[in-house]
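Breakdown of the fold
Single-letter residue listing:
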Amino acid sequence: MDFLPIKRALLSVTDKTGLKEFAEFLHSQGVELVSTGGTMKFLQEAGLPVTSVESVTGFPEILNGRVKTLHPKIHGGILADKDNPKHMETLAEHKITPFDLVCVNLYDFATALQKKLPVRDMVEEIDIGGPCLMRATAKNFHSMLILPDPKFYIEAMDLIKNDKGVNLAFRKNMAAKTFQITSQYDAMISLYLEGVAV
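What this report covers is the structure whose coordinates are included nearby. None of these values were measured; they are calculated from a predicted model.

**Let's talk about helix α8 (residues 129-139)**
In terms of burial, α8 is a largely internal element, eight of the 11 residues being buried. Listed as buried for α8 are Gly-129, Gly-130, Pro-131, Leu-133, Met-134, Ala-136, Thr-137 and Ala-138. Residues of α8 that are buried in the fold lie against β2 (8-12), α4 (72-79), β5 (101-104), β6 (145-147) and α10 (168-195).

Given below as structure tokens:
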């Protein structure tokens, strides 16, 4: 689709710079906010209505938060091609509501590196759900908008105000930025693991 209306957003960020203002803007535009963990608490404390990921999936966070968003009711709603009637029929069949926007940034592994934590502690700083959400949304840029960094919020807000929705060129650009970020993140982790004793 050339223009994507934003009706439902998943917000899950480590860097909360500008998040309150961005989430307030989304709410003012009638966008449903879905979130988890610290981001959800942050949004609730800001007085915003937010739907928990747990209530979407019908399954609690488990393994000390290692598994939260890794669920078909999340990733199905992200990866469905909205131009493909069969995809939309599948969502309806399984009672999955599609997302339009995913706003995610990753655990701060670079800062964790500076702390020189033991390996067992360092691996807990490796984000799994975040890169999965980011890559899934970026792959499906024809039907989704990914925002991988707070610096893109202002431009996104200007586009979301458009009655027709967010244009494809911006969504494709955000997808490219996202794959750059996740590849750099993976490279940093790889270098760390190659150099650390176990």
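**Points about the layout of surface pockets**
If you add up the space inside the largest pocket, you get close to 430 Å³. Forming the walls of the largest pocket are 24 residues, and the residues nearest its centre are Gly-65, Lys-68, Tyr-107, Asp-127 and Gly-129. The set of elements that each furnish at least two residues to the lining of the largest pocket consists of α2 (37-45) and α8. Roughly 260 Å³ of volume is contained in the second largest pocket.

**Quick notes on the packing of aromatic side chains**
One pass over the structure, following the stated rule, counts three aromatic pairs. Centroid distance Phe-22 to Tyr-153: 4.5 Å. Interplanar angle 10°. Geometry classified as stacked. Placement of the pair is Phe-22 in helix α1 (residues 19-28) and Tyr-153 in helix α9 (residues 153-160), with a sequence separation of 131 residues. Taken as a pair, Phe-22 and Tyr-153 share a single burial class, namely buried. On the numbers, 6.5 Å between centres and 70° between planes, the contact of Phe-109 with Tyr-185 is edge-to-face. Pair noted here: Phe-109 is in helix α6 (residues 109-115) and Tyr-185 is in helix α10, with a separation of 76 residues, a long-range link. The exposure class of Phe-109 is buried, given its relative accessible area of 1%. Taking the relative accessible area as the measure of exposure, Tyr-185 reaches 6% and is therefore buried. Among the aromatic residues, ring-to-ring pairing joins Phe-109, Tyr-185 and Tyr-192 into one connected group. We note Arg-8 situated over the ring of Phe-99; from NZ or CZ to the ring centre the distance is 4.2 Å.

**What about α9?**
Looking only at α9, the buried set comprises Tyr-153, Ala-156, Met-157, Leu-159 and Ile-160. Down the axis of α9, the buried side of the element spans an arc of 165°, and every buried residue falls inside it. The secondary structure elements touched by the buried residues of α9 are α1, β5, β6, β7 (166-167) and α10.

Thresholds, definitions, all that
- Residues numbered from 1 in each chain as written.
- Predicted model: local features only at pLDDT ≥ 70, side-chain atom pairs only at ≥ 80, totals over all residues.
- Heavy atoms only, no water.
- Buried < 20%, exposed > 50% of the residue type's maximum accessible area, 1.4 Å probe, protein only.
- Helix = DSSP H or I, 4+ residues; strand = E, 2+ residues; numbered from the N terminus.
- Contact = heavy atoms within 4.5 Å.
- 1 Å grid on protein atoms, 1.4 Å probe; cavity = no way out; pocket = protein on both sides within 12 Å on 5 of 7 lines; lining within 4 Å.
- Points joined across faces, edges and corners; volume = space filled by probe spheres on them.
- Phe/Tyr/Trp six-rings, centres within 6.5 Å; stacked < 30°, edge-to-face > 60°.
- Lys NZ or Arg CZ within 6 Å of the ring centre and 35° of its normal.
- Arc of directions from axis to C-beta.

No statement about biological role is implied by the geometric values presented.
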